[in-house]
Amino acid sequence: MKSTAIINSLENEAIYILREVAAQFERPVLLFSGGKDSITLVRLAQKAFYPGKIPFPLMHIDTGHNFPETIEFRDRLVKELGLELIVRNVQESIDKGKVVEEKGKYASRNMLQTGTLLDAIEEFKFDACIGGARRDEEKARAKERIFSVRDDFGQWDEKNQRPELFDMLNGQIDLGQNVRVFPISNWTELDVWSYIAKEGFEIPSIYFAHQRKVFFRDGMIWSFDDDVVYREEDEVCQELTVRFRTVGDMSCTAAVLSDAADLASVVQEIRDSSISERGARIDDKRSDSAMEKRKQQGYF
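What counts and what doesn't
Residues numbered from 1 in each chain as written. Predicted model: local features only at pLDDT ≥ 70, side-chain atom pairs only at ≥ 80, totals over all residues. Heavy atoms only, no water. Phe/Tyr/Trp six-rings, centres within 6.5 Å; stacked < 30°, edge-to-face > 60°. Buried < 20%, exposed > 50% of the residue type's maximum accessible area, 1.4 Å probe, protein only. Helix = DSSP H or I, 4+ residues; strand = E, 2+ residues; numbered from the N terminus. Contact = heavy atoms within 4.5 Å. Axes fitted to C-alpha atoms, helices over the stretch in contact; angles between N-to-C directions. Parallel < 35°, antiparallel > 145°, perpendicular 65-115°, else oblique. Left-handed = near helix turned anticlockwise from the far one by under 90°. 1 Å grid on protein atoms, 1.4 Å probe; cavity = no way out; pocket = protein on both sides within 12 Å on 5 of 7 lines; lining within 4 Å. Points joined across faces, edges and corners; volume = space filled by probe spheres on them. Nonpolar A, V, L, I, M, F, W, Y, C, P; charged D, E, K, R; others polar. Pairing = 2+ DSSP bridges. Domains from an automatic or database assignment. Buried area = accessible area lost by both parts, 1.4 Å probe. Salt bridge = Lys/Arg side-chain N within 4 Å of Asp/Glu carboxyl O. Polar contact = N/O pair within 3.5 Å; in protein donor to acceptor, adjacent residues only side chain to side chain.

### Concerning the packing of aromatic side chains
Using the criterion set out here, one finds nine aromatic pairs in the structure. Aromatic pair tryptophan 187 and tyrosine 195: ring centres 5.3 Å apart, planes at 80°, arrangement edge-to-face. The pair formed by tryptophan 187 and tyrosine 195 is uniform in burial state, with each residue classed as buried. Site record: aromatic cluster; members linked through ring pairs are Trp187, Tyr195 and Phe201.

Written as structure tokens, this is what we have:
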């Protein structure tokens, strides 16, 4: 586990960023998936604005193919904390003909979230969208600033980034633009888990080792017992002890073999791992620049 001093320093930085968002923007929103990073953001926002309420809503862009454990946790958390939750569904974008659902072996709705997100930003006139992305996740993430400007089409230009010197965060934007904000950009996966362990807040059970029906494809472990993940007839079901390091769309998120059933064991497992958590996300493997292209189009 990371030292308390390091974790406290990261917490202080994130709280400063969240307070700057509230001060500089008129209509911010926290993008919430029910995963560990966005849950961590909720805890940080609670601390940033205590004893007041979190001064912005949460928004989930729901693919309709999320893990049930994640959705159950999402709904319970917002009810317990009395938070405002906005949900916009990819299925509605499909039904309206705005996006076309993929078919076949590697089909996923994950990439289809972009259009639904941009429509929601326009609907509510959000000028700042707070997300849980971290620079250690993927090489395209490492290019982002903490305040990352999107143009009036929701697009990101990685070659036109503002300098962020001495923690000076510039929230000045033109009409139609919005900013993506990444308060835990300087955190690592290990930092997030260390913070969860330090604070002791709950996260979905799917992050811990459990018995699950799965099958193997392309060296990865996929959830078997659902109607979302494509399976060939010869792909055989097994019951193994697994957990998920990330909880995106079921169709593109693989499990890992693990006996880590508690926070201490997960922290040690992450410390020993040489593979990024996004190594279990098949949508990142479509090409070397898959994430960067999606971000240019307006993805999280």
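### Details of the environment of alanine 14
On the secondary structure map, alanine 14 appears in helix α1 (residues 4-24). The exposure class assigned to alanine 14 is buried, which follows from its relative accessible area of 0%. As for alanine 14 and alanine 48, which are separated by 34 residues in sequence, their C-alpha atoms are 8.6 Å apart. The contact partners of alanine 14, leaving out residues within four places of it in the chain, are Leu44, Pro183 and Trp187.

### Some remarks on the packing of helix α2 (residues 36-49) against helix α6 (residues 189-199)
Following both chains from N to C, one finds α2 and α6 inclined at 55°, their axes separated by 11 Å at the closest point. Classified by the angle between their axes, α2 and α6 sit oblique to one another. The chirality of how α2 crosses α6 is left-handed. Counted together, Lys36, Asp37, Thr40, Arg43, Leu44 and Lys47 of α2 and Glu189, Val192, Trp193, Tyr195, Ile196, Lys198 and Glu199 of α6 form the full contact between these two elements.

### A closer look at the layout of surface pockets
Of the voids in this model, the largest pocket is the one considered here, and its volume is about 370 Å³. In terms of lining, the largest pocket is formed by 20 residues, of which the most central are Glu122, Phe126, Gly176, Gln177 and Asn178. Among the residues forming the lining of the largest pocket, the class breakdown is seven nonpolar, six polar and seven charged.

### Thoughts on the sheet that holds strand β8 (residues 220-223)
Overall, antiparallel pairing links the four strands, which are arranged β8-β7-β9-β10 in an open sheet. Whereas interior strands pair on both sides, the edge strands pair on one side only; in this sheet they are β8 and β10 (256-257). Pairing geometry for strand β7 (residues 210-217) and β8, over four bridges, is antiparallel. Directly across from phenylalanine 216, in β8, lies its bridge partner isoleucine 221.

### Here we look at the pairing of β7
As judged from the five bridges shared by β7 and strand β9 (residues 238-243), these two strands associate in the antiparallel manner. Bridge pairing in β9 places valine 214 opposite glutamine 238. Connecting β7 to the antiparallel partner β8 that follows it, the hairpin turn spans two residues, and aspartate 218 within it adopts a positive phi of roughly 55°.

### A short note on the sheet that holds strand β3 (residues 85-89)
If you trace the six strands from one edge of the open sheet to the other, you get β3-β2-β1-β4-β6-β5, paired in mixed fashion. The open sheet terminates on both sides in strands that have one partner only, identified here as β3 and β5 (147-150). Between one strand and the next, the sheet's axes are offset by a mean angle of 30°, whatever the strand orientation. Relative to strand β6 (residues 178-181), strand β4 (residues 128-130) is paired through three bridges, and the arrangement is parallel. Its bridge partner being in β6, cysteine 129 is matched across the sheet by arginine 180. Packed on one face of the sheet, α1 meets β1 (28-31), β4, β5 and β6 and runs near 40° to β5.

### Regarding the side chain of threonine 70
Within the secondary structure, threonine 70 sits in helix α3 (residues 68-81). Given a relative accessible area of 0%, threonine 70 falls into the buried group.

### Examining the domain arrangement of the protein
Considered domain by domain, the protein is made up of domain 1 (4-191 + 289-296) and domain 2 (204-282). Using only C-alpha atoms to locate each centre, domain 1 and domain 2 end up separated by 24 Å. At the interface, 27 residues of domain 1 touch 27 residues of domain 2. Between domain 1 and domain 2, a total of about 2300 Å² is buried, with carbon and sulfur atoms accounting for 56% of that surface. Connecting domain 1 to domain 2 are two salt bridges. In this structure, the salt-bridge partner of glutamate 69 is arginine 212, at a minimum N-O distance of 2.6 Å. Counting the contacts that link domain 1 with domain 2 gives eight residue pairs in polar contact (both at pLDDT 80 or more). Put simply, the parts of the chain that give the side of domain 1 that touches domain 2 at least two residues each are α2, α3 and α6. The element that contributes the greatest number of residues to the side of domain 1 that touches domain 2 is α3, accounting for four residues. Its residues assigned to classes, the side of domain 1 that touches domain 2 comprises eight nonpolar, nine polar and 10 charged.

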